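Structural overview
Each chain, written out:
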Amino acid sequence: MAEMKKKVVVVGGGIAGSAIAKGLEDHADVTLIDPKNYLDIPYARMRAIVEPAMAERSIILHSDYLKKAKILESTVESATDSEVTTASGERLPYDFLVVCTGTVFSSPPEKTTKAERLEEFNGLNRKLQEAESVLIIGGGPVGVELAGEIVTDFPAKKVTIISGADRLIEFLGPKASKKTEKWLTKKGVTVILKDKIDVNDSLAPPTFETKKHVELKADAHFVATGKKVATKWLEASEVLKEHVTVDGRLKMESTGTCQVEGLKNVFAAGDITDFKEIKQGFLAGKHAAVVVENIKKLSASPDAKLAAYKPLATPMGIVSLGRVLAVAQMPFGTILGRLAGLLKSKDLFVGKTRESLGLKAK
Ligand SMILES: Cc1cc2nc3c(=O)[nH]c(=O)nc-3n(C[C@H](O)[C@H](O)[C@H](O)COP(=O)(O)OP(=O)(O)OC[C@H]3O[C@@H](n4cnc5c(N)ncnc54)[C@H](O)[C@@H]3O)c2cc1C
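Rules used in this analysis
Residues numbered from 1 in each chain as written. Predicted model: local features only at pLDDT ≥ 70, side-chain atom pairs only at ≥ 80, totals over all residues. UniProt positions renumbered as here; feature names shortened; annotations may be inferred. Helix = DSSP H or I, 4+ residues; strand = E, 2+ residues; numbered from the N terminus. Rg over C-alpha atoms; globule rule 2.2 N^0.38 Å. Buried ≥ 20, exposed ≤ 12 C-beta atoms within 10 Å, placed from the backbone. Contact = placed C-beta atoms within 7 Å. Expected span 1.5 Å × (residues − 1). Pairing = 2+ DSSP bridges. Axes fitted to C-alpha atoms, helices over the stretch in contact; angles between N-to-C directions. Near = placed C-beta within 6 Å. Nonpolar A, V, L, I, M, F, W, Y, C, P; charged D, E, K, R; others polar. Domains from an automatic or database assignment. Core = buried A, V, L, I, M, F, W, Y, C linked by C-beta atoms within 7 Å.

For the protein chain, the name recorded in an unreviewed UniProt entry is FAD/NAD(P)-binding domain-containing protein, with Marchantia polymorpha subsp. ruderalis as its organism. The UniProt entry for the protein chain carries the following text under Sequence similarities (unreviewed entry): "Belongs to the FAD-dependent oxidoreductase family." Database annotation for the protein chain, UniProt heading Function (unreviewed entry): "Putative FAD-dependent oxidoreductase."

The structure is reproduced here in structure tokens:
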């Protein structure tokens, strides 16, 4: 009699979860659980606002790349050491659980279908087209990339970016921040630092008041403030709650096997892990590869020697500034220009991500 395939439940269909479900679907009985019916490549979101056609390529139905894995559109609410429970009431037993719930935007809630998400981008594009002046709230990579896209495609629009921090893109070093601020300012962007705007439901154009009581005028605003780690369900989970760190991530085995500390059959990958490194999609992809390898190994032999992930010691990152340029912090230094742009800005890793899932780049 053929041996039963191991049951693998992957929670979260983002960068890490999609790669893991794809990597294991030929080897195990995989179920991917995600509230959305699509993978939304985050790197392309800002381009998709100025060019909605980009959304068509970067929003990928899970059913387009998963041929064998089951897809369950729901949110996981809790897990025990043998099953997970979803908001829609299903209880799914597992041999291996993989947590890839990354980060979520709390408001507005994420659209659950690809059609709704595409319509959302069309709406954002219309809002941008109609505005002469734009306020971007948040000076992290999302706010800066959006400003870069707008000044590249719509140079006549007046753009203001406001951030409570004392420099832009704080996740990189001060050199990257300085070069970026200089570039944006040269393109006519007004950069306001060390002040902020309260993001709430009553926020609306044309007048915005900052914490320091400065009045700003803009025809349209975009919120680019941070996402939150998707922690709530971990704290409600019998098997995981003891392993949640103070900042809401999962405590990982120090050996780098991508297992959650002390739990042999529970893995995690991506932004939810407490690996000491910048939270980045290209690292989530590396975690995913280790998870795939180790689940295959443990399925073959419970005593197998497992692969180990080594967290990135030197912070690296690339922030695109429109279609050609970017600022990149690399081990050899920080550069802003076409060379950095070659690495990311033309296609924003969309073709590469699609190909890694067995789809055509275009
Ligand atoms: C605008 C932007 C630009 C970026 N640019 C880059 C870049 O250029 N390079 C780079 O390396 N990184 C970049 N990043 C970071 C990168 O996108 C993240 O590090 C990466 O997406 C993390 O992958 P993940 O799988 O951990 O989480 P995510 O991709 O955030 O996916 C999490 C998934 O889990 C789902 N989920 C959450 N809670 C539950 C639940 N309870 N049950 C079921 N499903 C759940 C969510 O719906 C989502 O599908 C960027 C991020 C953003 C937002």
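Right, picking up where we left off after that structure.
So, about the overall build of the protein chain. Helices and strands together make up the secondary structure of the protein chain, namely 11 helices and 21 strands. Computed over C-alpha atoms, the radius of gyration of the protein chain comes to 21 Å, within 12% of the 21 Å expected from 2.2 N^0.38 for 362 residues, which places it in the range of a compact globule. For the C-alpha atoms alone, the extent of the protein chain along its principal axes is close to 70 × 45 × 40 Å. Across the 362 residues in the protein chain, those meeting the buried criterion constitute 44%. Within the protein chain, contacts between residues separated by at least 24 positions form 61% of all contacts whose residues are at least 6 apart in sequence.

Turning next to helix H7 (residues 174–186). Spacing of three or four residues puts side chains on the same side of an α-helix, whose turn is 3.6 residues. Here H7 spans 18 Å end to end across 13 residues, near enough to the 18 Å set by a 1.5 Å rise per residue. Taken together, the buried positions of H7 are Ala176, Ser177, Lys179, Thr180, Trp183 and Leu184. If you follow the buried residues of H7, they end up packed against helix H6 (141–153), strand S13 (190–193), strand S19 (317–321), strand S20 (325–330) and strand S21 (333–337). Residue Gly188 follows H7 closely and has a positive phi angle near 95 degrees.

Pairing is parallel in the open sheet, where 4 strands are placed in the order S13-S12-S11-S16. The strands lining the two open edges of the sheet, one partner per strand, are S13 and strand S16 (220–223). The average undirected angle you get between the axes of adjacent strands in this sheet is 15 degrees. As defined by bridge partners, strand S11 (residues 133–137) adjoins S16 across 4 bridges and the pair is classed as parallel. In the strand pairing of S16, Leu135 is matched with His221.

Looking now at the site of the ligand. Around the ligand there are 37 residues in total, and Gly12, Gly14, Gly102, Gly270 and Gln280 lie nearest to it. Secondary-structure elements contributing two or more residues to the shell around the ligand are helix H1 (15–24), strand S2 (29–34), helix H2 (45–50), strand S10 (103–104), H6 and helix H9 (281–300). Its residues assigned to classes, the shell around the ligand shows 19 nonpolar, 11 polar and 7 charged.

According to the domain assignment, the protein chain contains domain 1 (7–35 + 74–105 + 228–313) and domain 2 (114–226 + 315–352). Between the C-alpha centres of domain 1 and domain 2 the distance comes to 31 Å.

The next point concerns the nonpolar core. One finds Val134, Ile136, Leu146 and Ala147 to be the most contacted residues of the largest nonpolar core, which totals 55 residues. Beyond its immediate chain neighbours, meaning those up to four positions away, Leu146 contacts Met46, Ile49, Ile136, Phe222 and Ala224. Of all hydrophobic cores here, the second largest spans 51 residues; its members include Cys100, Met252, Ala269 and Phe275.

Moving on, we come to H9. Here H9 spans 29 Å end to end across 20 residues, near enough to the 28 Å set by a 1.5 Å rise per residue. Along H9, the residues classified as buried are Leu283, Ala284, Gly285, Lys286, His287, Ala288, Val290, Val291, Val292, Asn294, Ile295 and Leu298.

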